[in-house]
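As a plain string of letters, each chain reads:
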Amino acid sequence: MDFEFTEEQKIVVASLRSFATEELLPKYAHWDRTGEFPAEIWQKMGAMGLLGLRVPEAYGGQALDCVTAGLAIEEVARGDFNCCYGILNSSFAGDLLGKYAAPEIQAAWLPAMASGDKVVCICLTEPHCGSDAASIRARALRRGDHYVLNGEKSAITLLMAGDAGIVFAKTAPEAGAKGVSAFLVPLDLPGITRLPYADMGAKGIVRGSLFLEDVEIPAGNLIGPENGAFSRVMQTFEYTRGLIGLMCIGAAQVTLEETITYTKDRTAFGQPISKNQGVSFPIAEWFTRLTMARWHCYRTLWLRDQGLPHNSEAAMCKGFIPEICMGTIQDCMVLHGHYGYTQDFPVEQRLRDVAGQLIADGTPQIQKLIIARGLFGRDFV
Ligand SMILES: Cc1cc2nc3c(=O)[nH]c(=O)nc-3n(C[C@H](O)[C@H](O)[C@H](O)COP(=O)(O)OP(=O)(O)OC[C@H]3O[C@@H](n4cnc5c(N)ncnc54)[C@H](O)[C@@H]3O)c2cc1C
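Quantities reported herein were computed from a predicted structural model and do not represent experimental measurements.

## Quick look at the overall build of the chain
Move 1: Per the secondary structure count, the chain includes 11 helices and 10 strands.
Move 2: The globule rule puts the C-alpha radius of gyration for 381 residues at 21 Å, and the 21 Å found for the chain is close to it.
Move 3: Expressed as lengths along the three principal axes of its C-alpha atoms, the size of the chain is roughly 80 × 45 × 40 Å.
Move 4: Of all 381 residues assigned to the chain, the portion counted as buried reaches 54%.

Here it is as structure tokens:
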């Protein structure tokens, strides 16, 4: 066992720590108050290579290992939780397009996504189903050298700023999960409309609903084999779930550190409030949980790097760590007294922003189902 990071990984962490503190954190609240997509930061993240972490080098990416991508997302979360969605989405799209798309699609979209010029969204969820993703109803019908797409996709991160979507649709509806295909769909095609959401947090990721009405795309925009998308997308979730754990930990850890400073400074009854065990013990407890959770995420991503199974481990990252981080941030809010409830400190925004990750990419219930299936066998759960 080797718990040491490589020199390259240490450099990534150090340089992103200052980027997060000096450039992201000062504008974190701005995107929340305005609800704008942080386009200028996307360009910067692209220039720094953060949007190409999982894009092949031939297409302008870094092709870095999963552990390094995890370290990167954890550091970015210390500055702006919502900028992590840039890493998350481009890692997801980079993995799927990099492995399974036609070379022309890769050349057209991967370099532009890695540089921050184009935004690619992941369009799986529909109004009637999210957890039960195999029940999607969007249809793709082959007509000669084209597919025609119809359907509605909901909850899509970055949709309102998106240039293309990886859209999942049924090509063989009778076959359930084995009838799902994925397509690269430019979002400026005729027949496409989008509607923005009013979310409680994560406002800068401009989520929305996508409507597809007789949208024609070339057959070459199919990603991977026809009817073969479902297992591929599920394998990609195993990767992003490790990243999500670390992005929540980054936000919780920085909040904990800010709270230590605050409670050493704030006095009550003639002494710093940190002198009360009722104040310092919750911080010690959450720090312990975050430390354990962090190593679990690193190990999950390491397993992926080694090509070893990590289905249950990834589900543990997604199913439990956002809850641990919500608990951390909520206690930190209380330890700030009434100031924690104001917008003078970032703690209330982090609580709203991190809450989205209790649901996105699969709820805690669905992650427990995955873990239980691994323990009992599919037929007994
Ligand atoms: C911030 C955010 C970003 C998102 N980004 C995207 C995106 O980019 N692309 C995309 O496609 N989707 C995205 N989503 C959607 C997300 O993946 C779904 O919301 C999620 O999978 C849950 O699906 P649902 O909302 O339809 O809830 P449902 O599936 O209707 O579930 C409702 C409740 O029932 C529970 N439940 C369902 N089935 C079971 C069961 N068998 N056992 C126990 N409990 C069960 C669930 O856990 C949940 O609590 C995003 C969501 C959020 C909040």
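## Concerning the UniProt feature "domain: Acyl-CoA dehydrogenase/oxidase N-terminal" (unreviewed entry) in the chain
Move 1: In the numbering adopted here, UniProt assigns the feature "domain: Acyl-CoA dehydrogenase/oxidase N-terminal" (unreviewed entry) to residues 6-117.
Move 2: Annotated as 70% helix and 0% strand, the span residues 6-117 places its first and last C-alpha atoms 30 Å apart.

## Some words on empty space enclosed by the protein
Move 1: This model, assessed by the stated rule, comprises one cavity of 30 Å³ or more.
Move 2: When its volume is computed, the largest cavity comes out at roughly 60 Å³.
Move 3: Taken together, Trp-42, Leu-51, Gly-86, Asn-89, Ser-90, Met-113, Lys-118, Val-119, Val-120 and Leu-158 make up the full set of residues lining the largest cavity.
Move 4: Of the residues forming the lining of the largest cavity, the biggest block, three residues, is contributed by helix 5 (residues 84-100).

## Notes on the UniProt feature "domain: Acyl-CoA dehydrogenase/oxidase C-terminal" (unreviewed entry) in the chain
Move 1: Mapped onto this numbering, the UniProt entry annotates "domain: Acyl-CoA dehydrogenase/oxidase C-terminal" (unreviewed entry) at residues 230-375.
Move 2: A distance of 23 Å separates the end C-alpha atoms of residues 230-375, which is 77% helix and 3% strand.

## What about the packing of aromatic side chains?
Move 1: Under the definition given, this model contains 10 aromatic pairs.
Move 2: Geometrically, the ring pair formed by Phe-92 and Phe-237 is edge-to-face, given 5.3 Å between the ring centres and 65° between the ring planes. Pair noted here: Phe-92 is in helix 5 and Phe-237 is in helix 7 (residues 229-265), with a separation of 145 residues, a long-range link.
Move 3: Taking relative accessible area as the criterion, Phe-237 reaches 9% and is therefore assigned buried.

## Re the site of the ligand
Move 1: Contacts to the ligand come from 18 residues, most closely from Ile-122, Thr-125, Ser-131, Thr-157 and Thr-363.
Move 2: The contact in question runs from a nitrogen atom of the ligand to an N or O atom on the backbone of Ile-122, over 2.7 Å.
Move 3: One of the side-chain nitrogen or oxygen atoms of Gln-365 is found 3.1 Å away from an oxygen atom of the ligand.
Move 4: Bound to the protein, the ligand loses 64% of the 980 Å² it would expose on its own.
Move 5: Put simply, the ligand lies in the largest pocket.
Move 6: Within the residue set of the shell around the ligand, elements represented by two or more residues are strand 3 (146-156) and helix 11 (364-376).
Move 7: Residues belonging to the shell around the ligand are distributed by class as follows: eight nonpolar, eight polar and two charged.
Move 8: Composition of the shell around the ligand by domain shows at least three residues from each of domain 2 (121-227) and domain 3 (230-380).

## Some words on the domain arrangement of the chain
Move 1: Segmentation of the chain into domains returns domain 1 (7-118), domain 2 (121-227) and domain 3 (230-380).
Move 2: Taking only C-alpha atoms, the centre of domain 2 and the centre of domain 3 are 30 Å apart.
Move 3: With 12 residues of domain 2 at the contact, the number on the domain 3 side is 10 residues.
Move 4: Both faces considered, domain 2 and domain 3 share a buried interface measuring about 860 Å² in area, 73% of it formed by carbon and sulfur atoms.
Move 5: For the pair domain 2 and domain 3, the number of links is zero salt bridges.

## What about helix 3 (residues 39-47)?
Move 1: Taken together, the buried positions of helix 3 are occupied by Ile-41, Trp-42, Met-45 and Gly-46. The arc that holds every buried residue of helix 3, seen down its axis, measures 145°, which confines them to one face.
Move 2: Summarising the contacts, the buried residues of helix 3 are in contact with helix 1 (7-24), helix 2 (28-34), helix 5 and helix 6 (103-115).

## A closer look at the packing of helix 9 (residues 311-335) against helix 10 (residues 347-355)
The packing of two helices is summarised by the inter-axis angle and the distance between the axes.
Move 1: Direction vectors running N to C along helix 9 and helix 10 enclose 160°, while the axes themselves pass 9 Å from each other. Between helix 9 and helix 10, the angle falls in the class roughly antiparallel. Two packed elements cross with a definite hand, and for helix 9 against helix 10 that hand is left-handed. Facing helix 9, whose interface residues are Pro-322, Cys-325, Met-326, Ile-329, Gln-330, Cys-332 and Met-333, helix 10 presents Val-347, Arg-350, Leu-351, Val-354 and Ala-355.
Move 2: Considering only residue class, the contact of helix 9 with helix 10 consists of 10 nonpolar, one polar and one charged.

## Considerations on the nonpolar core
A general feature of soluble globular proteins is that nonpolar side chains tend to end up buried together.
Move 1: Core analysis: the biggest nonpolar cluster contains 86 residues, and Phe-81, Leu-149, Phe-183 and Val-185 have the highest contact counts within it.
Move 2: If one sorts the elements of this core by residue count, helix 7 sits on top with 10 residues.
Move 3: With 31 residues, the next largest nonpolar core counts Leu-96, Ile-122, Ile-223 and Val-233 among its residues.

About the cut-offs
Residues numbered from 1 in each chain as written. Predicted model: local features only at pLDDT ≥ 70, side-chain atom pairs only at ≥ 80, totals over all residues. Heavy atoms only, no water. Helix = DSSP H or I, 4+ residues; strand = E, 2+ residues; numbered from the N terminus. Rg over C-alpha atoms; globule rule 2.2 N^0.38 Å. Buried < 20%, exposed > 50% of the residue type's maximum accessible area, 1.4 Å probe, protein only. UniProt positions renumbered as here; feature names shortened; annotations may be inferred. 1 Å grid on protein atoms, 1.4 Å probe; cavity = no way out; pocket = protein on both sides within 12 Å on 5 of 7 lines; lining within 4 Å. Points joined across faces, edges and corners; volume = space filled by probe spheres on them. Phe/Tyr/Trp six-rings, centres within 6.5 Å; stacked < 30°, edge-to-face > 60°. Near = heavy atom within 4 Å. Polar contact = N/O pair within 3.5 Å; in protein donor to acceptor, adjacent residues only side chain to side chain. Areas by Shrake-Rupley, 256 points an atom, 1.4 Å probe, with all protein chains shown as cover. Sits in = over half its atoms within 2 Å of the grid points. Nonpolar A, V, L, I, M, F, W, Y, C, P; charged D, E, K, R; others polar. Domains from an automatic or database assignment. Contact = heavy atoms within 4.5 Å. Buried area = accessible area lost by both parts, 1.4 Å probe. Salt bridge = Lys/Arg side-chain N within 4 Å of Asp/Glu carboxyl O. Arc of directions from axis to C-beta. Axes fitted to C-alpha atoms, helices over the stretch in contact; angles between N-to-C directions. Parallel < 35°, antiparallel > 145°, perpendicular 65-115°, else oblique. Left-handed = near helix turned anticlockwise from the far one by under 90°. Core = buried A, V, L, I, M, F, W, Y, C linked by side-chain atoms within 4.5 Å.

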